[in-house]
Amino acid sequence: MTLHNDSAAHEAVDTETPLALTGERTVPGIAEENYWFRRHEIAYTSILDECRGKTVLEAGSGEGYGAAMLATVADSVTCVDYDTSAVEHTRRRYPELTVHQGNLIELPIADASVDVVVNFQVIEHLWDQPQFIAECLRVLRPGGKLLISTPNRITFSPGRDTPLNPFHTRELNAAELTELLVDGGFGVETMYGVYHGAAIRALDEKWGGSIIDAQIERSLAGVPWPDELAADVAAIATDDFDVLDTTGGDGDIDTSLDLFAVAVRP
């Protein structure tokens, strides 16, 4: 297991080649993927102040774009990901990050050594979710925060006991995510919900009620997207999503697209 970056290895290496799009994670720079990328990105932009001047661990860093955003404000950012191709890509593309390859249920990080753990759109992929939460508790300093987002099972896989996404093992609703965190020793400070803002709601109406369904239906059918749909998706911006504090009564968490919890280690 490699536990450090070799800066010399980044010399004369192509850092622009995108990570392959497999369906397991989103990546930047692909027009047809832009809706999902921006929906992931809004969580990172929302937590910059939480990470400012802090020692941050991103558990499940994927392509690395989110950790690179956090590195612009954090004291340091360390990444852990299980996938070899993602780890190698992150090391090439974002040399400012420290990247470990490892299992999220056995983090290669010392006890009580980080201020913030970020885990966005990952926990639904894990087989042993309670053990991962236990690992987050272990590596956080007292008073440290776990920032965790995941698709809302109620709206992502409505009416289903098993996830639609073949890469997901167990999806959660807000009550289940809260229970997982509290049983793992955390206090849940805030539960945010991610929603379509006005511009995307207009696209929902334009495309028969759901811009998501319009994309999925055409992708599953294996037919080219209409130019207008492709242009609408490519134009979606991060700020076209709303992040609302449902703990404070700003939205109905059960209608959110994604759940976003801020949990605190005692």
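Structure first, text after, so check above.
The shown structure was predicted, so the numbers you read here are calculated from the model rather than taken from an experiment.

### As for the pattern of salt bridges
Here is step 1: All chains considered together, the criterion is met by 11 salt bridges.
Here is step 2: Between E176 and R153 there is a salt bridge; the shortest N-O distance is 2.9 Å. Here E176, found in helix α7 (residues 174-183), pairs with R153, found in helix α6 (residues 153-156); they are 23 residues apart in sequence, far enough to count as distant.
Here is step 3: Relative accessible area serves as the criterion here: at 22%, R153 is assigned to the partly exposed category.

### Description of the side chain of D81
Here is step 1: Checked against the element boundaries, D81 lands in strand β2 (residues 76-81).
Here is step 2: Once you skip the residues sitting within four places of it in the chain, D81 turns out to touch G60, S61, G62, A86, V87, H100, Q101 and G102.

### Let's talk about helix α8 (residues 198-206)
Here is step 1: Regarding α8, the residues found buried are I200, L203 and D204. For α8, the angular spread of buried residues about the axis comes to 105°, placing them on one side. Residues of α8 that are exposed and angled more than 90 degrees away from the buried face: A198 and E205.
Here is step 2: Two residues or fewer past α8, G208 is found with a positive phi of approximately 75°.

### Side note on helix α10 (residues 227-234)
Here is step 1: Within the sequence span of α10, burial applies to L229, D232 and V233. One side of α10 carries all its buried residues, which in axial view fall inside an arc of 95°.
Here is step 2: Elements in contact with the buried residues of α10: α1 (34-46), α8 and α9 (211-221).

### What about the nonpolar core?
Here is step 1: V117, I133, L146 and L181 are the most contacted members of the largest nonpolar core, which has 29 residues in total.
Here is step 2: Elements with a contribution of two residues or more to this core: β1 (55-59), β4 (114-120), α5 (129-139), β5 (140-151), α7 and β8 (258-264).
Here is step 3: In contact with V117, not counting residues within four places along its chain, are L57, A59, C136, V139, L140, K145, L146 and L147.
Here is step 4: If you look at the next biggest cluster of nonpolar residues, it comprises 25 residues, including Y44, L70, V73 and C79.

### Some words on the sheet that holds strand β3 (residues 98-101)
Here is step 1: What the eight strands build is an open sheet, ordered β3-β2-β1-β4-β5-β8-β6-β7; its pairing is mixed. Every interior strand has two partners, whereas the edge strands, β3 and β7 (241-245), have only one. The sheet shows a mean angle of 20° between the axes of neighbouring strands, taken without regard to direction.
Here is step 2: Summarising the sheet, β2 and β3 pair through four bridges and their orientation is parallel. Its bridge partner lying in β3, T78 is registered against T98.
Here is step 3: Each of β1, β4 and β5 is contacted by α5, which is oriented at about 145° to β5, the strand it contacts most.

### Re the packing of aromatic side chains
Here is step 1: Tallied over the full model, the rule gives seven aromatic pairs.
Here is step 2: Judged by centre distance (4.9 Å) and plane angle (90°), the ring pair of Y35 and W36 falls under edge-to-face.
Here is step 3: Overall, the relative accessible area of 0% leaves Y35 in the buried class.

The rules we used
- Residues numbered from 1 in each chain as written.
- Predicted model: local features only at pLDDT ≥ 70, side-chain atom pairs only at ≥ 80, totals over all residues.
- Heavy atoms only, no water.
- Salt bridge = Lys/Arg side-chain N within 4 Å of Asp/Glu carboxyl O.
- Helix = DSSP H or I, 4+ residues; strand = E, 2+ residues; numbered from the N terminus.
- Buried < 20%, exposed > 50% of the residue type's maximum accessible area, 1.4 Å probe, protein only.
- Contact = heavy atoms within 4.5 Å.
- Arc of directions from axis to C-beta.
- Core = buried A, V, L, I, M, F, W, Y, C linked by side-chain atoms within 4.5 Å.
- Pairing = 2+ DSSP bridges.
- Axes fitted to C-alpha atoms, helices over the stretch in contact; angles between N-to-C directions.
- Phe/Tyr/Trp six-rings, centres within 6.5 Å; stacked < 30°, edge-to-face > 60°.

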